[in-house]
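Descriptive analysis of the structure
Here are the chains, one letter per residue:
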Amino acid sequence: MDTKTREVVLTTLLDIEKNHTFSNIALGTALRANQFMSKQDRAYITRMVEGVTEQRIKLDYIINQFSKTKVNKCKPLIRCVLRMGTYELFFMDSVPDSAACNLSVKLAVDHGFGSLRGFVNGVLRNIARNRDGIKYPDKNTSPLEYYSVEYSVPVELVEILLQDYDSETVDRILGSSYEMRPTSIRVNTDRISVDEVERKLETAGIETVRGSLNDTSLLIKGYDYVRRIPGFMDGEFVVQDQSSCLAVRAAGIQNGDLVVDVCAAPGGKTMYAASLAGQTGRVISRDLTENKTELIEENVDRLGLTNVTVEAWDARDLDENLVGKADVVIADLPCSGLGIMGRKNDIKYNVTGDSIDELAQLQRDILDTVSRYVKTGGTLVYSTCTIDSRENQNNVKWFVENHDFETVSIDEIVPRHGGDKGYVTLLQGVDECDGFFISKFVRTK
Ligand SMILES: C[S@@+](CC[C@H](N)C(=O)[O-])C[C@H]1O[C@@H](n2cnc3c(N)ncnc32)[C@H](O)[C@@H]1O
């Protein structure tokens, strides 16, 4: 890759490193600013920014084996240059070792670090020469360090996962982040059959497999840009993970129901709920800000749904008008996102035990308020895209102990997951979906 392309990668990585910009936002900005670059150059930028971010902990571990100055003591620019070179040496067969070393040195020199030419060159050449002999932490004697380096996740996150799961399951959860998973779509069967969408996609050269957890879901691969897939703009399908579809199905929505979806953007569950509630039913779909509700509106319009009312509303604020009115409340709440950390690199670096505790409290505050909308005999579904018990099982226990609700079996909707307790945890790398938690309650009085 030429110097200009590597320069873009470096600037983007520095933006993430120094300004703590979310990697998807920094990458999006870089790609927009360089939209006239060749497709190949843009692919390189994407791969490098995503790859270096995803593997940061492993890369730093490797560099630290060969550098007297530890990575966190290096200047940010040198740190990023070393990570880029090391990533190319380990993960990009298309870049020869000599190019990875020489071009990294050039980047450092071009940015005024000529005095560190020998340092950068020495570290990278040493890594290239000795890469097969690197000693990684041992799984038996140093399990926390092993998981941290092997899957490039902070030790604190490993501790969080090992509190809930055995080591084999943690391997599967963390390993799944590095698998190329297909995209899950839900067919809008109000408009078109699953068979027809399957045929259309196959004709367009898109690999399609039926979802095993939800019968209106297809798992697709081999497409470029989702908006360009035939049928997308006509609302024939939506991108929605199977786990998210199961949460809506668990709610048992009937034709004519009033459904309140309290944290709804971008509207995945709202759209499915509206379809199940039918023309005589209604969905009130809310999120915190206008920016968020616009996303819901865009999706609802694309599907041509006319039974959805979209509103900006803070779910912590009680809406007196809705108390005791809803047949179903969907509370798909903000969470730590550990079930989707493979899709969004920033999640794994930002989650801490304290942030989980804060989120668990926010979830309780919202549940306290929105459960009041459920009529007697009505249903509340509480779901998250995380797999940590503090936000999930512990909140279920707290909720039933403090409210006039009891759990209801969802075993029929999600079989073989112990759903008779009224809640299930689906795990990425174990189940054919994102990591996700679904619980169902009915109001008793
Ligand atoms: C997990 S996402 C919802 C996904 C959505 N249910 C779907 O299926 O497409 C959680 C949402 O909660 C929203 N949110 C966070 N705090 C909120 C609050 N206090 N009131 C309302 N919405 C909130 C976020 O903006 C975010 O869109």
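Source: prediction; values computed, not measured.

Okay, the packing of helix α3 (residues 39–54) against helix α5 (residues 76–91) next. Here α3 crosses α5 at 100°, and the two axes come no closer than 10 Å. If you check the angle between α3 and α5, you find them roughly perpendicular. Of the residues in α5, those in contact with Tyr-44, Arg-47, Met-48, Gly-51 and Val-52 of α3 are Arg-83, Met-84, Tyr-87, Glu-88 and Phe-91. For the contact of α3 with α5, the class distribution of residues is six nonpolar, one polar and three charged.

Per the counting criterion, the structure on display carries 22 salt bridges. Note that Glu-17 is salt-bridged to Arg-79, the shortest N-O span being 2.5 Å. Of this pair, Glu-17 sits in helix α1 (residues 3–19) while Arg-79 sits in helix α5, and the two are 62 residues apart along the sequence. The same class applies to Glu-17 as to Arg-79, namely buried. Ionic pairing is found between Glu-298 and Arg-227, a salt bridge with its closest N-O pair at 3.7 Å. One end of the pair, Glu-298, is in helix α14 (residues 290–302); the other, Arg-227, is in the loop between β3 (217–221) and β4 (237–239), with 71 residues separating them in the sequence.

This brings us to the UniProt feature "binding site: S-adenosyl-L-methionine" (unreviewed entry) in the protein. If you check UniProt for "binding site: S-adenosyl-L-methionine" (unreviewed entry), the listed places come out as Cys-263, Ala-264, Ala-265, Pro-266, Gly-267, Gly-268, Lys-269, Asp-287, Asp-314 and Asp-332 in our numbering. One can find Cys-263 in the loop between β5 (258–261) and α13 (268–277). Residue classification places Cys-263 among the buried positions, given a relative accessible area of 15%. In contact with Cys-263, other than residues within four places in its own chain, are Arg-286, Asp-287, Ala-315, Asp-332, Leu-333, Pro-334 and Ile-366. Position of Asp-314 among the secondary structure elements: in the loop between β7 (308–312) and β8 (326–332). Within the local environment of Asp-314, its side chain forms a polar contact with the side chain of Arg-316, the two groups lying 2.8 Å apart.

Let's shift gears to empty space enclosed by the protein. Enumeration according to the criterion identifies one cavity of 30 Å³ or more in this entry. Of the pockets and cavities examined, the largest cavity occupies roughly 70 Å³. In terms of lining, the largest cavity is formed by Leu-13, Ile-16, Glu-17, Val-52, Thr-53, Arg-56, Cys-80 and Arg-83. Every element with two or more residues in the lining of the largest cavity is listed here: α1, α3 and α5. When the residues that make up the lining of the largest cavity are grouped by side-chain class, the tally is four nonpolar, one polar and three charged.

Moving on: the UniProt feature "domain: SAM-dependent MTase RsmB/NOP-type" (unreviewed entry) in the protein. Feature annotation in UniProt assigns "domain: SAM-dependent MTase RsmB/NOP-type" (unreviewed entry) to the following positions: residues 173–444. Between the end C-alpha atoms of residues 173–444 there is a gap of 37 Å, over a span that is 29% helix and 24% strand.

Moving on, we come to the domain arrangement of the protein. Looking at the assigned domains, one finds that the protein contains domain 1 (3–133), domain 2 (143–178), domain 3 (183–239) and domain 4 (242–443). Of note, the centres of domain 1 and domain 4, computed from C-alpha atoms alone, are 40 Å apart. Residue-level contacts link nine residues of domain 1 with five residues of domain 4. Note on domain 1 versus domain 4: buried area summed over both sides is about 580 Å², and carbon and sulfur give 42% of it.

Among the 18 residues in the neighbourhood of the ligand, the closest are listed as Lys-269, Asp-287, Asp-314, Ala-315 and Asp-332. Contact distances for the ligand include 3.3 Å between an oxygen atom and a backbone N or O atom of Gly-267. Contact between the ligand and Asp-332: a nitrogen atom at 2.7 Å from a side-chain N or O atom of the residue. Protein burial of the ligand: of its 600 Å² of free accessible surface, 85% is covered by the chains. Residue composition of the shell around the ligand, grouped by class: ten nonpolar, two polar and six charged.

Considered for burial, the residues of helix α10 (residues 167–175) that qualify are Thr-169, Val-170, Asp-171, Ile-173, Leu-174 and Gly-175. Those residues of α10 that are buried are in contact with α8 (143–150) and α9 (155–164).

Here is what the cut-offs are and how they apply
Residues numbered from 1 in each chain as written. Predicted model: local features only at pLDDT ≥ 70, side-chain atom pairs only at ≥ 80, totals over all residues. Heavy atoms only, no water. Axes fitted to C-alpha atoms, helices over the stretch in contact; angles between N-to-C directions. Helix = DSSP H or I, 4+ residues; strand = E, 2+ residues; numbered from the N terminus. Parallel < 35°, antiparallel > 145°, perpendicular 65-115°, else oblique. Contact = heavy atoms within 4.5 Å. Nonpolar A, V, L, I, M, F, W, Y, C, P; charged D, E, K, R; others polar. Salt bridge = Lys/Arg side-chain N within 4 Å of Asp/Glu carboxyl O. Buried < 20%, exposed > 50% of the residue type's maximum accessible area, 1.4 Å probe, protein only. UniProt positions renumbered as here; feature names shortened; annotations may be inferred. Polar contact = N/O pair within 3.5 Å; in protein donor to acceptor, adjacent residues only side chain to side chain. 1 Å grid on protein atoms, 1.4 Å probe; cavity = no way out; pocket = protein on both sides within 12 Å on 5 of 7 lines; lining within 4 Å. Points joined across faces, edges and corners; volume = space filled by probe spheres on them. Domains from an automatic or database assignment. Buried area = accessible area lost by both parts, 1.4 Å probe. Near = heavy atom within 4 Å. Areas by Shrake-Rupley, 256 points an atom, 1.4 Å probe, with all protein chains shown as cover.

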